[in-house]
Amino acid sequence: MTTDIRGVLRAEGELRAVHLDRVYDTDITDLWSALTDRDRLARWFARVDGELALGAAFRILFDEEQTTDGTVLACREPDHLRISWTSDGESESYVRVDLSTVEEGTRLRLDHTRLPLSGAAGYAAGWHTYLDQLAADLRGDEAQGSTWDARWQALLPAYQAQLRS
């Protein structure tokens, strides 16, 4: 299992942000659907309750104990989504996803901003792992499973090292 880093952590004052840039071998409409259709999200990301429409509130249920609440702040199908993200004990942060058509398929650029320093490496490793799972799902492979924790653990030290450099 590789621990290549395809995400970049950056400072935002006292807070941090993570940026990931991936290209998927699919068209923009299919990738948009994978990001906004609740049934598809459940396959590679987590269960989402609520609507993913402009102004709507939603809840992401990673498991029985870990949830995240948010609101859709911007939604322009098929290329732009911006949401608020609030997890227990943390200040509100923001996730922005932009899609664009490229020769190889569709480029996804994800920025998660206003992250606490203490959790930034974990968020980076988490998004990296989820985007790997998205790639598996788009290929028709099983995305969710017991390998998530192992992949996250393998990636975490490299992202922690980014914070120290």
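Residues numbered from 1 in each chain as written. Predicted model: local features only at pLDDT ≥ 70, side-chain atom pairs only at ≥ 80, totals over all residues. Heavy atoms only, no water.

A word on the packing of helix H3 (residues 117–139) against helix H4 (residues 147–164)
At step 1: Look at H3 against H4: their axes get within 8 Å of each other, and the N-to-C directions meet at 135°. The orientation of H3 with respect to H4, classified from their angle, is oblique. Our pair here, H3 against H4, has a crossing hand that is right-handed. Across the interface between the two elements, Leu 117, Ala 120, Ala 121, Gly 122, Ala 124, Ala 125, Gly 126, His 128, Thr 129, Tyr 130, Asp 132 and Gln 133 of H3 pack against Trp 148, Arg 151, Trp 152, Leu 155, Leu 156, Tyr 159, Gln 160 and Leu 163 of H4. (Axes fitted to C-alpha atoms, helices over the stretch in contact; angles between N-to-C directions. Helix = DSSP H or I, 4+ residues; strand = E, 2+ residues; numbered from the N terminus. Parallel < 35°, antiparallel > 145°, perpendicular 65-115°, else oblique. Left-handed = near helix turned anticlockwise from the far one by under 90°. Contact = heavy atoms within 4.5 Å.)

Looking at H3
At step 1: Under the 1.5 Å per step criterion, the end-to-end length of H3 is 34 Å for 23 residues, consistent within 8% with the ideal 33 Å.
At step 2: For H3, a buried count of 18 out of 23 residues is recorded, marking the element as mostly surrounded by other parts of the structure.
At step 3: One or two steps after H3, the chain reaches Gly 140, where phi turns positive at roughly 90°. (Expected span 1.5 Å × (residues − 1). Buried < 20%, exposed > 50% of the residue type's maximum accessible area, 1.4 Å probe, protein only.)

Description of unusual backbone geometry
At step 1: That bond from Glu 77 to Pro 78 is cis: its omega, 5°, falls within 30 degrees of zero.
At step 2: Inspection of the secondary structure assignment puts Pro 78 in the loop between strand E5 (67–76) and strand E6 (80–87).
At step 3: At Arg 114, a residue that is not glycine, the phi angle is positive and equals roughly 65°.
At step 4: Checked against the element boundaries, Arg 114 lands in strand E8 (residues 105–115).

Brief notes about the pairing of strand E3 (residues 47–50)
At step 1: In the sheet, E3 pairs with strand E4 (residues 57–61) via 4 bridges, with the strands oriented antiparallel. Each bridged residue has a counterpart across the sheet, and for Gly 50 the counterpart in E4 is Phe 58.
At step 2: A loop of 6 residues connects E3 with E4, the two strands running antiparallel in sequence, and Gly 55 in this loop sits at a positive phi of about 85°. (Pairing = 2+ DSSP bridges.)

Some details on the nonpolar core
At step 1: Core analysis: the largest hydrophobic core is formed by 41 residues, its most contacted members being Phe 45, Leu 108, Trp 127 and Leu 134.
At step 2: The biggest single contributor to this core is H3, with 10 residues. (Core = buried A, V, L, I, M, F, W, Y, C linked by side-chain atoms within 4.5 Å.)

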